[in-house]
Amino acid sequence: MFRILTFITALTLLFGCQETQKSTENQDSRSNEKPEAPIQQEFAIVIHGGAGTIKKEHMSDSLETVYNAKLKEAITTGHDILKNGGTALEAVTATINVMEDSPLFNAGKGAVFTNEETNEMDASIMEGESLNAGAVAGVTRIKNPINLALAVMEDSPHVMLSGKGAETFAKGQGFELVDPSYFYTENRFQSLQRIKEKEKTELDHDAKVSASFDPSAKDYKFGTVGCVALDKNGNLAAGTSTGGMTNKRWNRIGDSPIIGAGTYANNATCGVSSTGWGEYFIRGMVAHDISAMIEYGGKTLQEASQTVIQEKLSALGGDGGIVALDKYGNVSMEFNTEGMYRAYMNDKGELTIKMYKD
Ligand code: ASP
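All values reported here derive from a predicted model rather than from experimental measurement. (Residues numbered from 1 in each chain as written. Predicted model: local features only at pLDDT ≥ 70, side-chain atom pairs only at ≥ 80, totals over all residues. Heavy atoms only, no water.)

Some details on the confidence of the model for the protein
- Chain-level pLDDT for the protein is 88 on average; 84% of the residues reach the 70-or-more range.
- Note that residues 9-35 has pLDDT below 50 and, in this model, zero contacts with residues that lie over four places away or in other chains.
- Between residues 215-219, whose pLDDT stays under 50, and residues either more than four places distant or in other chains, the model counts eight contacts. (pLDDT = per-residue confidence, 0-100. Contact = heavy atoms within 4.5 Å.)

Laid out in structure tokens, this is it:
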């Protein structure tokens, strides 16, 4: 009897091992077929501080240090919120607030000047679970435009408010309106003066208009800020805030407050925040196009971002970049300019900060 039992046990062990081996082989062959298997991050966050002619040779060591420190402060703010179980929306808003309060970026405090020497700001935010969104355009007295975009989303029946009306709504929501002089920074003001000087030397009107939006011009800099976060509940959110483009006129509005162009988030695909020459991002519906390539084209986030920025946007003649996270926490930071201020942090707290091409 004992012998029979031993024999049965030995047989069971033998076949059990073979099964385990088979299933490992299957897993191996599956992973060979699909090498880009999604990484599942419990939570993740990515930010940009604008794309443009950001080159090592134009950057002093001390300025580089200052940018690195501010990007780190911003992303850590959002990361802490996510780590402690906060929502993607909370992380996006708080992270963008840090950059809006810094004169280093073209958003909030550091907003660029319009042709009329004023500051007009745009912002938008979107939540990937509900596809709810809020945006403001052309506001002049809101210290943190991303907060007002959030209020539009949460406390109004609308998606986008502009100008004076947006500020009346803000007052009703208890926002403190700051004096427009809060947004004066000498650096941005001098950039406008240099562009205006350049304009004076241009003879023909069309050339004048395009000179104001020529990203190769010396003073032309993007500097919009944006953030995408994935929280522990698997929700994505994206937000973007900007002063627009130096020397803009006629109440020009760029892509940043346009849902689908400057900002997009959908839990089924990805979250995206754009920065760059806004007119092209609107025409290309850049943020939504990346999501659509994932949803309808079965592309990975990286494939979709690369195609949209390097091929489609470039073919239109536009430049700039995006930061994005997909629903698994995979990241993309794609741009076709010389550089883009950017940072990414995963659930292990591993941080990447970059500004140049490599
Ligand atoms: N996209 C912004 C705009 O066109 C500018 C930027 O990203 O710096 O208003």
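A closer look at the site of the ligand
- Taken together, the neighbourhood of the ligand is formed by F222, G223, T224, G244, M245, R252, G254, D255, S256, T275, G276 and G278.
- One of the backbone nitrogen or oxygen atoms of G223 is found 3.3 Å away from an oxygen atom of the ligand.
- In this structure, G278 approaches the ligand through a main-chain N or O atom, which is 3.0 Å from an oxygen atom.
- Isolated, the ligand exposes 270 Å² of accessible area, and the fraction of that covered by the protein chains is 100%.
- Partitioning the shell around the ligand into residue classes produces two nonpolar, eight polar and two charged. (Near = heavy atom within 4 Å. Polar contact = N/O pair within 3.5 Å; in protein donor to acceptor, adjacent residues only side chain to side chain. Areas by Shrake-Rupley, 256 points an atom, 1.4 Å probe, with all protein chains shown as cover. Nonpolar A, V, L, I, M, F, W, Y, C, P; charged D, E, K, R; others polar.)

Topic: helix α4 (residues 145-155)
- Within α4, eight of the eleven residues are buried, which leaves the element mostly enclosed by the surrounding structure.
- Here α4 has its buried residues at P145, I146, L148, A149, L150, A151, V152 and M153.
- Tucked inside the fold, the buried residues of α4 contact α3 (88-100), β2 (121-127), β3 (133-139), β4 (160-162), α5 (163-172) and β6 (236-242). (Buried < 20%, exposed > 50% of the residue type's maximum accessible area, 1.4 Å probe, protein only. Helix = DSSP H or I, 4+ residues; strand = E, 2+ residues; numbered from the N terminus.)

Looking at the sheet that holds strand β10 (residues 331-335)
- Strand order across the open sheet formed by four strands is β7-β8-β9-β10, with antiparallel pairing between neighbours. Across the chains shown, the open sheet's two edge strands, defined by having one partner strand only, are β7 (263-265) and β10. Strand-to-strand twist across the sheet, computed as the mean angle between neighbouring axes with direction ignored, equals 10°.
- As judged from the five bridges shared by strand β9 (residues 320-326) and β10, these two strands associate in the antiparallel manner. (Pairing = 2+ DSSP bridges. Axes fitted to C-alpha atoms, helices over the stretch in contact; angles between N-to-C directions.)

What about unusual backbone geometry?
- At W250, a residue that is not glycine, the phi angle is positive and equals roughly 60°.
- Residue position: W250 is located in the loop between β6 and β7.
- Within the chain, M285 stands out as a residue other than glycine whose phi angle is a positive 45°.
- Inspection of the secondary structure puts M285 in the loop between α8 (278-284) and α9 (286-295).
- The partly exposed category is assigned to M285, whose relative accessible area is 32%.

Points about the sheet that holds strand β11 (residues 339-345)
- With mixed pairing, eight strands are arranged side by side in an open sheet as β4-β3-β2-β6-β5-β1-β11-β12. With partners counted over all chains shown, the strands left at the sheet margins are β4 and β12 (351-356), one partner each. Across this sheet, the average inter-strand angle for adjacent strands is 5°, counted without regard to direction.
- When strand β1 (residues 44-52) meets β11, the two strands line up antiparallel, connected through six bridges.

Let's talk about the pairing of β2
- Counting buried residues along β2, six of its seven residues qualify, which places the element largely inside the surrounding structure.
- Pairing of β2 with β3, which is carried by five bridges, proceeds in the antiparallel orientation. By the bridge assignment for β3, A123 is matched with V136.
- Hairpin connection, β2 to β3: the antiparallel pair is bridged by five residues, and L131 has positive phi, about 60°.

Thoughts on the packing of α9 against helix α10 (residues 301-316)
- At a minimum axis distance of 9 Å, the contact between α9 and α10 shows a crossing angle of 135°. The orientation of α9 relative to α10 falls into the category oblique. The two elements α9 and α10 meet at a crossing, and its hand is right-handed. Seen from α9, the contacting residues are V286, D289, I290, M293 and I294; seen from α10, they are L301, A304, S305, T307, V308, I309, K312 and L313.
- When grouped by side-chain class, the residues that make up the contact of α9 with α10 number nine nonpolar, two polar and two charged. (Parallel < 35°, antiparallel > 145°, perpendicular 65-115°, else oblique. Left-handed = near helix turned anticlockwise from the far one by under 90°.)

A closer look at the environment of V92
- Within the secondary structure layout, V92 lies in helix α3.
- Given a relative accessible area of 0%, V92 falls into the buried group.
- What V92 contacts, discounting residues up to four positions off in sequence, is I125, C227, V228, A229, A237, A238 and G239.

Re the side chain of S291
- Take S291: it is sitting in helix α9.
- For S291, a relative accessible area of 0% gives the class buried.

Focus: the pairing of β3
- Along β3, six of the seven residues are buried, which leaves the element largely enclosed by surrounding structure.
- Across three bridges, β3 lies against β4 in parallel orientation. Across the sheet, residue A137 finds its bridge partner in β4, namely S162.
- Handedness of the crossover is the feature at issue here: the chain leaves β3, passes through α4, returns alongside β4, and the resulting connection is left-handed. (Right-handed = clockwise from strand over helix to strand, strands pointing away.)

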